[in-house]
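Letter by letter, the chains look like this.
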Amino acid sequence: MDISIRNVTKKFGNFKALDDISLEIKDGELFALLGPSGSGKTTLLRIIAGLEIPDAGSILFHGQDATLRPLRERRVGFVFQHFALFRHMTIFDNVAFGLRVKPRNQRPNKREIRERVMTLLQLVQLDAFSDRYPSQLSGGQRQRVALARALAVEPQVMLLDEPFGSLDARVRAELRKWLRRLHDELHITSVFVTHDQEEALEVADRVAVTNEGRVEQIGTPYEIYNNPESPFVYEFIGNVNLFRGRVSQGVAFMGDVKLMVPELADAIDSPATAYVRPHDLNLSREKRGEISLMAKVVSIRDVGPVARIELVYPGNNKIYEAHLSAERLAELNISVGDNLFVSARRVKVFLNDGTKSGKIGRNIEKTNSELTSV
Ligand code: ATP
């Protein structure tokens, strides 16, 4: 079931919770709405479900206008952050509930209900627990029951609102993998809301990043992480180093460094900021051909496969972060206090007024001025 969201606006009083949102969710896709608290994710999910009606715009299910279609006719399954299982019912009865309350002419018979519930409990690997009560399960197991219960009525669309939000980090990480595997098995079009960037990037096929009721960017996790289209996405998704400067006629002057940014040819002496991910900073002992700055190592956190190195640039005393693989760290044999050459593999420059951005070109030159940064 593909879903089209077209120019959806929703106000609560004078407050615009959603501001002209448009996006397409493909059939069979696991789609994440990712954004900070209050950015409108849940409101959008509730509009897709039919729990809210937009003030303007429309929702199409497989090309058919469903904006005013009531919840019960949308065939959506729901999983919320707070376990909404019936405490007085066994796990089996919880999953069977949606089937037993169907109108008589659509209700499966007892044997069919039993078969379907047990198949779903096997799918979420809880068939051995069918006679238990929710209080006898862990938080993660209860969320798996909630998912089985939502799947029981054979929804065309699954909507998950921070489904793992109240679980501890290890269980969350396990359930993420498990949700992805389950989705690969069932291929039900699913939309899930999260404010956890790692969760969205690890699980989803595509991600929409929301901010103040608008969509900042839609893309695959790779695109969102590696090619952010706005400063907001850069800063919200992962760590980033910022360098302040100015751009004039396609050339960015970032303190000590001059960068060619052909896409910003129209800018005249405009304040701008360059964004560089920590893994795109390259460290070396020898000066390379490209532009590099000398900076001093102030800390090394060598845990797991990626080492985090903090460096201070003497020109402005700002701290920058670089991520290195364990092998590269061993190769460089770095210690705190060492002076290293720092260069950037990938840089994106945004004008501070938010009007335009550009990637740097190949042609990079060094100037004599100082590097400044935020
Ligand atoms: P969170 O991650 O905290 O759940 P969210 O991105 O899902 O946030 P929403 O729940 O969609 O955000 O809320 C968006 C904005 O709309 C918030 O500022 C919220 O206070 C407001 N809002 C949501 N529902 C209502 C309502 N029924 N009445 C008034 N304001 C509302």
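Above this note sits the structure.
Peer 1: Explain the pairing of strand S16 (residues 293-303) to me, please; I cannot follow it from the model alone.
Peer 2: Side-chain positions along a regular strand alternate between the two faces of the sheet. Judged from the 4 bridges that link them, S16 and strand S19 (residues 339-344) form a sheet pairing that is antiparallel. Within S19, the residue paired with Leu-293 across the bridge is Val-342. Pairing of S16 with strand S17 (residues 306-313), which is carried by 7 bridges, proceeds in the antiparallel orientation. Paired with Ile-300 across the bridge in S17 is Ile-309. In this antiparallel pair of consecutive strands, S16 and S17, the connection spans 2 residues, and Gly-304 shows a positive phi of 75°.

Peer 1: Help me out: how do you make sense of the pattern of salt bridges in this one?
Peer 2: It is possible for side chains of opposite charge to pair when their charged atoms get near one another. Counted according to the given criterion, the structure contains 19 salt bridges. Of the charged contacts in the structure, one is a salt bridge between Arg-111 and Glu-115, with a shortest N-O distance of 3.0 Å. A residue pair is termed a helical-turn pair when its members lie 3 or 4 positions apart in one helix, as Arg-111 and Glu-115 do in helix H3 (residues 110-123) at 4 residues. Accessibility expressed as a relative area gives 46% for Glu-115, which makes it partly exposed. When the shortest N-O distance is used, the salt bridge between Arg-176 and Glu-198 registers 3.6 Å. Residue Arg-176 is found in helix H5 (residues 169-186), and its partner Glu-198 is found in helix H6 (residues 197-203); the two are separated by 22 residues along the sequence. Each member of the salt-bridge network shares a partner with another, and the members are Arg-172, Arg-176, Asp-196, Glu-198, Glu-199 and Glu-202.

Peer 1: Explain the sheet that holds strand S2 (residues 15-25) to me, please; I cannot follow it from the model alone.
Peer 2: Sheets are built from strands that pair by backbone hydrogen bonding, the pairs being arranged parallel or antiparallel. Spatial ordering of the open sheet is given by S2-S1-S4-S5, a layout of 4 strands whose pairing is antiparallel. Unpaired on one side and paired on the other, S2 and strand S5 (64-65) mark the two borders of the sheet. Where strand S1 (residues 3-12) meets S2, 7 bridges bridge the pair, whose relative direction is antiparallel. The partner of Ile-5 across the bridge, within S2, is Leu-23.

Peer 1: Help me understand H5 in this model?
Peer 2: An α-helix turns once per 3.6 residues; consequently, residues spaced three or four apart project the same way. Across its 18 residues, H5 extends 26 Å between first and last C-alpha, which sits within 8% of the 26 Å expected from 1.5 Å per residue. Here H5 has its buried residues at Val-171, Arg-172, Leu-175, Arg-176, Trp-178, Leu-179, Arg-180, Leu-182 and His-183. Here the buried face of H5 lies against strand S3 (30-34), H3, helix H4 (139-152), strand S7 (157-161), strand S8 (189-194) and H6. Remark: His-187 follows H5 within two positions and exhibits a positive phi of approximately 55°.

What counts, and at which threshold
- Residues numbered from 1 in each chain as written.
- Predicted model: local features only at pLDDT ≥ 70, side-chain atom pairs only at ≥ 80, totals over all residues.
- Heavy atoms only, no water.
- Pairing = 2+ DSSP bridges.
- Helix = DSSP H or I, 4+ residues; strand = E, 2+ residues; numbered from the N terminus.
- Salt bridge = Lys/Arg side-chain N within 4 Å of Asp/Glu carboxyl O.
- Buried < 20%, exposed > 50% of the residue type's maximum accessible area, 1.4 Å probe, protein only.
- Expected span 1.5 Å × (residues − 1).
- Contact = heavy atoms within 4.5 Å.

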